[in-house]
Amino acid sequence: MSATLENNFPQIGNIQNLLSTFLAKTSYSQLVVLCDENTHQYCLPLIKNILPENTLIAKIPAGEVSKNIETCQLVWEQMLQKNCDRNACVLNLGGGVVGDLGGFVAAVYKRGIDFVQIPTSLLAQVDASVGGKTGIDFQGAKNILGSFAQPQKVLIDVAFLQTLPLRHLYNAWFEMLKHALIADAAYWQELTNQRPEDIADWTSLIEQSIAIKYEVVRLDPLEKSWRKILNFGHTVGHAVESWALQQQMDILHGEAVGIGMIAELYLSHKLLHFSEEKMWTCAKQIKKYLPKIILQPQSFTEILHWSMYDKKNAQGEIMAALITDIGKAQPQCVVCAVDFEAALVFYNKVIQYE
Ligand SMILES: NC(=O)c1ccc[n+]([C@@H]2O[C@H](COP(=O)([O-])OP(=O)(O)OC[C@H]3O[C@@H](n4cnc5c(N)ncnc54)[C@H](O)[C@@H]3O)[C@@H](O)[C@H]2O)c1
Ligand SMILES: [Zn+2]
């Protein structure tokens, strides 16, 4: 029953073909499609005609606000009412919220049933659907409850992206830039030569990002060490994100990671001798995709404070994944408070540079 990552690389193609091929090979007692308001409207129509008539459609409100235990309970209730047994399968049709929550719902229902990820946001296609992390937020803290659970399949169709708002394409773009910076210099060149709004066919870029994440996760599925390279940009990024949310600033995770990557290019230069010239060129390339958010120096201490809560930290030290060159990363570097603040100063300099 339980799936593994090995030999289970996400499939990209026409969702009708991919899903019907998968369903033809399986004999589930019940299918449950989990979607949110938007994917119910825009994505469900693309698969509805191949679903059995008695499929349970569970719809949740869109966005991170839904990623909690109350929403799980509502879904479990519907599954019990429908008499879902251990041979049922949950199809998660949505972005990272639906995927993370639906994976968790399936992972604990009757001690674990099958689930399939059908990611519909670019972020879920290149990042959230790969790697087997499932979970929900709890008491205001992100992803506090969860488990590692691998889907039976990850089925991707770029057609879903046609209805995704541009800001959400950008949100994922920063994670794709991160994939390139930690693992693939040629991919970095390819990405930074274009803009998300001009991309006609996402297939090859998605494949390249997934290949990078998949390989990192395959080497270290439980994030003991190497997988932490995926946190590049996230030590400063998470701190900025938490601080900004507390300020009620409207910021997406990817945008915070974009800020974080610029700051961590500086840390890479300072701590791992990443070339100064490349630090500047890479920082300016990231900047061209970012909104102009200037961090007031008074906020630096607060942002630093948020970084102390980061789950990556060991024994009170701030830890970051950094790069030694474009495409080469190191998973765990200790960062002192002075360098952390200097990295924020560098970010401000870059973002204000004309
Ligand atoms: N499991 C992991 O490894 C992992 C990795 C990264 C992020 N995440 C999680 O993923 C979540 C963020 O993912 P997200 O950015 O996809 O958020 P999301 O699921 O909230 O989707 C973003 C928005 O896009 C809408 N949407 C999705 N697909 C659409 C489509 N095809 N057309 C129109 N609208 C569409 C959604 O309804 C939502 O409003 C966070 O909760 C984060 O913690 C998990
Ligand atoms: Zn991220």
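Shown above is the structure to which this text applies.
1. A few points about the nonpolar core
Phase 1: One finds Leu 122, Leu 181, Trp 202 and Leu 265 to be the most contacted residues of the largest nonpolar core, which totals 77 residues.
Phase 2: Looking at which domains feed residues into this core, each of domain 1 (11-163) and domain 2 (167-352) gives three or more.
Phase 3: What Trp 202 contacts, discounting residues up to four positions off in sequence, is Leu 122, Val 158, Leu 161, Leu 169, Trp 173, Met 176 and Pro 196.
Phase 4: Within the second largest apolar cluster, 22 residues are counted, among which are Val 32, Trp 76, Phe 104 and Ala 106.

2. Overview of the sheet that holds strand β4 (residues 88-94)
Phase 1: Within the open sheet, the 6 strands sit side by side as β1-β8-β5-β4-β2-β3. Their pairing is parallel. Every interior strand has two partners, whereas the edge strands, β1 (11-12) and β3 (56-60), have only one.
Phase 2: Two elements, strand β2 (residues 30-36) and β4, share 6 bridges in a ladder whose sense is parallel. Its bridge partner lying in β4, Gln 30 is registered against Ala 88.
Phase 3: Across the sheet, helix α1 (residues 15-24) touches β1, β2, β4, β5 (114-119) and β8 (153-156), and the angle it forms with β8 is around 155°.
Phase 4: Sheet strands in contact with helix α3 (residues 69-81) are β2, β3 and β4, and its direction is about 165° off that of β3.

3. Some words on the site of ligand 1
Phase 1: Looking at ligand 1, there are 27 residues lining it, with Asp 36, Glu 64, Lys 67, Ser 121 and Thr 163 nearest.
Phase 2: Glu 64 has a polar side-chain atom sitting 2.6 Å from an oxygen atom of ligand 1.
Phase 3: Against a free-state accessible area of 870 Å², the protein chains account for coverage of 89% of ligand 1.
Phase 4: Looking at the shell around ligand 1, the elements that each hand over two or more residues are α2 (37-42), α4 (96-108), α5 (122-128), β7 (141-148) and α6 (166-183).
Phase 5: Class assignment for the residues of the shell around ligand 1 results in 8 nonpolar, 11 polar and 8 charged.
Phase 6: Counting contributing residues per domain, the shell around ligand 1 is built from domain 1 (11-163) and domain 2 (167-352), each supplying no fewer than three.

4. Some thoughts on the coordination of the zinc ion (ligand 2)
Phase 1: The zinc ion (ligand 2) binds to the protein through Glu 175 (OE), His 234 (NE2) and His 253 (NE2); the donor distances cover 2.0 to 2.1 Å.
Phase 2: Expressed as a motif, the donor residue spacing for the zinc ion (ligand 2) is E-x58-H-x18-H. Residue Glu 175 is found in helix α6, and its partner His 234 is found in helix α9 (residues 234-246); the two are separated by 59 residues along the sequence. There is no split in this pair, since Glu 175 and His 234 are both buried.

5. Re the packing of helix α10 (residues 253-272) against helix α11 (residues 276-287)
Phase 1: Where α10 contacts α11, the axes come no closer than 9 Å and their chain directions differ by 180°. The orientation of α10 with respect to α11, classified from their angle, is roughly antiparallel. Residues Gly 258, Met 261, Ile 262, Leu 265, Tyr 266 and His 269 of α10 touch α11, and the partners they reach there are Glu 276, Met 279, Cys 282, Ala 283, Ile 286 and Lys 287.
Phase 2: Partitioning the contact of α10 with α11 into residue classes produces 8 nonpolar, 2 polar and 2 charged.

6. Concerning the environment of Asn 193
Phase 1: On the secondary structure map, Asn 193 appears in the loop between α7 (185-192) and α8 (203-219).
Phase 2: Separated by 92 residues in sequence, Asn 193 and Gln 285 have C-alpha atoms that sit 9.1 Å apart.
Phase 3: Among the polar contacts made by the side chain of Asn 193, one reaches the main-chain carbonyl oxygen of Gln 189 at a distance of 3.1 Å.

Analysis parameters
- Residues numbered from 1 in each chain as written.
- Chains lettered and ligands numbered in written order.
- Predicted model: local features only at pLDDT ≥ 70, side-chain atom pairs only at ≥ 80, totals over all residues.
- Heavy atoms only, no water.
- Core = buried A, V, L, I, M, F, W, Y, C linked by side-chain atoms within 4.5 Å.
- Buried < 20%, exposed > 50% of the residue type's maximum accessible area, 1.4 Å probe, protein only.
- Domains from an automatic or database assignment.
- Contact = heavy atoms within 4.5 Å.
- Pairing = 2+ DSSP bridges.
- Helix = DSSP H or I, 4+ residues; strand = E, 2+ residues; numbered from the N terminus.
- Axes fitted to C-alpha atoms, helices over the stretch in contact; angles between N-to-C directions.
- Near = heavy atom within 4 Å.
- Polar contact = N/O pair within 3.5 Å; in protein donor to acceptor, adjacent residues only side chain to side chain.
- Areas by Shrake-Rupley, 256 points an atom, 1.4 Å probe, with all protein chains shown as cover.
- Nonpolar A, V, L, I, M, F, W, Y, C, P; charged D, E, K, R; others polar.
- Donors = N, O, S within 2.8 Å, 3.2 Å for Na, K, Ca; no water.
- Parallel < 35°, antiparallel > 145°, perpendicular 65-115°, else oblique.

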